[in-house]
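# Structural overview for review
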Amino acid sequence: MWHRGWRDSIWSAMDQPWDMVIIGGGITGAGLLREAAQAGLRVLLLEARDFAFGTSSRSSKLVHGGFRYLRNGQISVTRESVREREWMLHEAPHLVTPLKFLLPSYASAGTPKWQLGLGVFLYDVLAPKWAHRGYSVQQLMRLCPLMNPTDLQGGYEYFDSEVDDARLVLRVIREAVQTGGVALNYAPVERLLRTADGQVCGVVVRDADDFAGRTLEIEAKVVINAAGPWSDEVRSQVGAAPRLRKLRGSHLVFDAERLPLKQAVTLLHPADNRAMFAFPWEGTTVIGTTDLDHPADLDQDDPFATPEEIDYMLAAARFSFPAADLTPADVLSTYSGLRPVINTGKASPSQESRAHVVWQEDGLITLTGGKLTIFRIMAKQALQLASSRLPGSPDFTLPRRIFNPLPRSLPAPLPVDINQLSYLLGRYGAETPALLSSMPAGEFTCIHALPSVWAELRWAAREEGVVHLDDLLLRRVRLGILLPNGGAEEYDHIRALAQDELGWDDDRWESEWNAYLDLWQRRYSPTPGESSISLNVSHASALSA
Ligand code: FAD
């Protein structure tokens, strides 16, 4: 699927009337595509950049109820989310994996320990599930020896789960395509088409991977705007007033050797008592997040963690894990995403509700807000609203599988151990046997201390619609976030696996590599901001120079 030349094949077949066009290839668009394709609709998803380019590859990677939302009284959001968490753990095992959280109680934090106990109890009741327990100071310190012992009064353990967010999006989109949906990346919707009476009836799409910039007018019975933080820009074309507040959230990624955690830990920032998390993810430890209004003048640009945010998160890490003695040099990478939340004018960004919304304006349906965790519920609601305009008025309230079942048989002998197999099954689902049998056996070795294997790079380059190198290194395989220097030390290895599969000559490879390094430095490095890397560097030596 999505072999070399796939984008041209899609372009040549796109000029036909569609039942539905979806704008945006994050998790919201992916969920819509999957449900609509399963209902037998002729559905096309158009993504301006890469699949999962937006918020859906820059989240906190949790499939969760949002324990801290209980603090703000958002009970219904929490109930809905913990139930979806349970569904995903059941239907997407290995991709969504259980994660224990420790919730320490500090005398200085102002929240009595019994209140935390009530919170974890309520969290379980909403699921419903019984997975919490209380701990003494000694027990907590045994579980997490790095934890700050000053003022510690004991605490609790509760249960949530985590995911590779970009791979979640890709798995949902690819399984939707296998059911008959069509998806295209680097295809921004530039304009909406309107009927004489002003109703939205299609889109104008441009090919962002074509120097000639070919465009096409596409008719559709229903157009759904799933453009995440950019949804207001799409809505502005039907004259709708902006309703979103873009909140930037950033994360720091640490080498797990410097901050080893067996469970996630809920932290309170010493400066303002804001709840944050530290959690083990893919062989690293991640700390986040901030929650700040994103300035309008930066809207068009990729967000990045500011020096103030980095200092703020580092202060939380140093306070919460004093024995680790963390410094800026321990940060492997940073990343930052924009939450599209509905603007109700609350003084603090963290008080804005994370609930989702569905709006219908001149026939354009907008689905935004919410969370990764509830993408299935969001998709069903928006599609049900569109149902009367679709052939056969499908009933989207019916329960359907989203994820294909895992394969029943695997090639023998297996080139991977049981942990690697579990990891691959989660990411590649029913495609795992094809990956295992078509990649050279010697490439199934782990990449450094990460759970990923080298074979995934070759597979992604051959099969997964990579258009630019950052698609491969930031979203298909997450080396740009998980390895030091964005993986630059592995230049030779990455090139040997990917260049031929991508069909790039040496000039194209060099320019893609330089563009990737520049992007990594400006957006994902420990010191993001403006580029400090010369554009004429060719490989890792440039970083150590
Ligand atoms: P996006 O992922 O942003 O996708 C929108 C897509 O639309 C983009 O890829 C963009 O390129 C595309 N697009 C824009 N304009 C056009 C156009 N004109 N034509 C075509 N395409 C277009 N949720 C959880 O459940 N768990 C978490 O742990 C969690 N943590 C979070 C942490 C942070 C810091 C943030 C910011 C959010 C977090 N969320 C979490 C929320 C969750 O990540 C988002 O709700 C979700 O990813 C939004 O997905 P989306 O598809 O709506 O938007």
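The structure presented is a predicted model; accordingly, all values stated were derived computationally and were not measured. (Residues numbered from 1 in each chain as written. Predicted model: local features only at pLDDT ≥ 70, side-chain atom pairs only at ≥ 80, totals over all residues. Heavy atoms only, no water.)

## Regarding the overall build of the protein
Scanning the protein from N- to C-terminus turns up 18 helices and 18 strands. Along the three orthogonal principal directions, the C-alpha set of the protein runs to about 65 × 50 × 50 Å. For the protein, the residues scored as buried account for 61% of the 545 residues in total. Across the protein, the fraction of contacts at a sequence separation of at least 24, relative to all contacts at a separation of at least 6, is 71%. For the protein, the separation between the mean place of its 54 positive charges and that of its 66 negative charges on side chains is 7 Å. (Helix = DSSP H or I, 4+ residues; strand = E, 2+ residues; numbered from the N terminus. Buried < 20%, exposed > 50% of the residue type's maximum accessible area, 1.4 Å probe, protein only. Contact = heavy atoms within 4.5 Å. Lys, Arg positive; Asp, Glu negative; His and termini not counted. Charge placed at Lys NZ, Arg CZ, Asp CG, Glu CD.)

## Some details on the packing of helix α13 (residues 455–463) against helix α14 (residues 469–476)
Where α13 contacts α14, the two axes come as close as 11 Å, and the packing angle between them is 130°. On the basis of the axis angle, α13 is oblique to α14. Crossing of α13 over α14 shows right-handed handedness. Here L457, A460 and A461 of α13 lie close against α14, whose contacting residues are L472, L473 and R476. For the contact of α13 with α14, the residue count by class is 5 nonpolar, no polar and 1 charged. (Axes fitted to C-alpha atoms, helices over the stretch in contact; angles between N-to-C directions. Parallel < 35°, antiparallel > 145°, perpendicular 65-115°, else oblique. Left-handed = near helix turned anticlockwise from the far one by under 90°. Nonpolar A, V, L, I, M, F, W, Y, C, P; charged D, E, K, R; others polar.)

## A word on helix α7 (residues 165–178)
With 14 residues, α7 extends 20 Å between its outermost C-alpha atoms, agreeing within 8% with the 20 Å of an ideal straight helix rising 1.5 Å per residue. With 13 of 14 residues buried, α7 lies mostly within the body of the structure. Two or three places before A166, at the opening of α7, D164 has a side-chain oxygen 3.3 Å from that residue's backbone nitrogen. (Expected span 1.5 Å × (residues − 1). Polar contact = N/O pair within 3.5 Å; in protein donor to acceptor, adjacent residues only side chain to side chain.)

## Here's the deal with the packing of aromatic side chains
Counting across every chain of the model gives 16 aromatic pairs. Measuring from centroid to centroid gives 6.2 Å for W87 and F375, while their planes differ by 55°, and the two rings are tilted. You can see W87 sitting in helix α4 (residues 75–91) and its partner F375 sitting in helix α10 (residues 375–386), a full 288 residues away along the chain. Overall, W87 belongs to the buried group, its relative accessible area being 11%. Look at F375 and you get buried, because its relative accessible area is 1%. Three or more aromatic residues joined by ring pairs form one cluster here, namely F67, F101, Y123, Y158 and F277. The aromatic ring of F53 is capped on one face by R58, whose charged end is 5.0 Å from the ring centroid. One Lys or Arg, K113, reaches over the ring of Y156 and ends 5.7 Å from the middle of that ring. (Phe/Tyr/Trp six-rings, centres within 6.5 Å; stacked < 30°, edge-to-face > 60°. Lys NZ or Arg CZ within 6 Å of the ring centre and 35° of its normal.)

## Considering the site of the ligand
Surrounding the ligand, one finds 36 residues, the nearest of these being T28, E47, S56, L62 and T373. Here E47 contributes a side-chain N or O atom positioned 2.6 Å from an oxygen atom of the ligand. Here a nitrogen atom of the ligand and a backbone polar atom of L62 are 2.6 Å apart. Protein contacts shield 95% of the accessible area of the ligand, which totals 1,000 Å² for the unbound molecule. Only α2 (27–38), β11 (244–255) and β16 (331–342) provide two or more residues apiece to the shell around the ligand. Among the elements that take part in the shell around the ligand, β16 stands out by supplying 3 residues, more than any other. The residue inventory of the shell around the ligand, partitioned by class, reads 14 nonpolar, 17 polar and 5 charged. (Near = heavy atom within 4 Å. Areas by Shrake-Rupley, 256 points an atom, 1.4 Å probe, with all protein chains shown as cover.)

## With respect to a nonpolar patch on the surface
Together, I75, W114, L118, F121, L122, V125 and W130 give the surface a local cluster of nonpolar side chains, amounting to about 730 Å² of exposed area. Note on placement: W114 falls in helix α5 (residues 113–126). (Patch = residues over 30% accessible without salt bridge, like charges linked within 9 Å, V, L, I, M, F, W, Y side chains within 5 Å. Salt bridge = Lys/Arg side-chain N within 4 Å of Asp/Glu carboxyl O.)

## A look at α2
Helix length check: α2, at 12 residues, gives a terminal C-alpha distance of 16 Å against a target of 16 Å (1.5 Å per residue), a fit within 8%. Along α2, 11 of the 12 residues are buried, which leaves the element largely enclosed by surrounding structure. Buried within α2 we find I27, T28, G29, A30, G31, L32, L33, R34, E35, A36 and A37. Positive phi appears at G40, one or two residues downstream of α2, with a value of about 80°.

## Observations regarding the pattern of salt bridges
Overall, the coordinates contain 42 salt bridges when judged by the stated rule. With its nearest N and O atoms 2.8 Å apart, the salt bridge here joins R475 to D470. Since its relative accessible area comes to 3%, R475 is described here as buried. Classification of D470 as buried rests on a relative accessible area of 16%. R495 is the partner of D506 in a salt bridge, and the nearest nitrogen-oxygen pair spans 3.0 Å. With D506 in helix α17 (residues 506–524) and R495 in helix α16 (residues 491–502), this pair connects stretches of sequence that are 11 residues apart.

## As for the nonpolar core
Counting 74 residues, the largest nonpolar core has M14, M20, L46, L168, I218 and F403 as its most contacted members. Ignoring anything within four residues of it in the chain, the contact list for L46 reads M14, V21, I22, I23, G24, G25, L184, A187, V189, V203, V205 and I218. Counting residues in each nonpolar core, the second largest holds 52 residues, with V253, V286, V477 and Y516 among its members. (Core = buried A, V, L, I, M, F, W, Y, C linked by side-chain atoms within 4.5 Å.)

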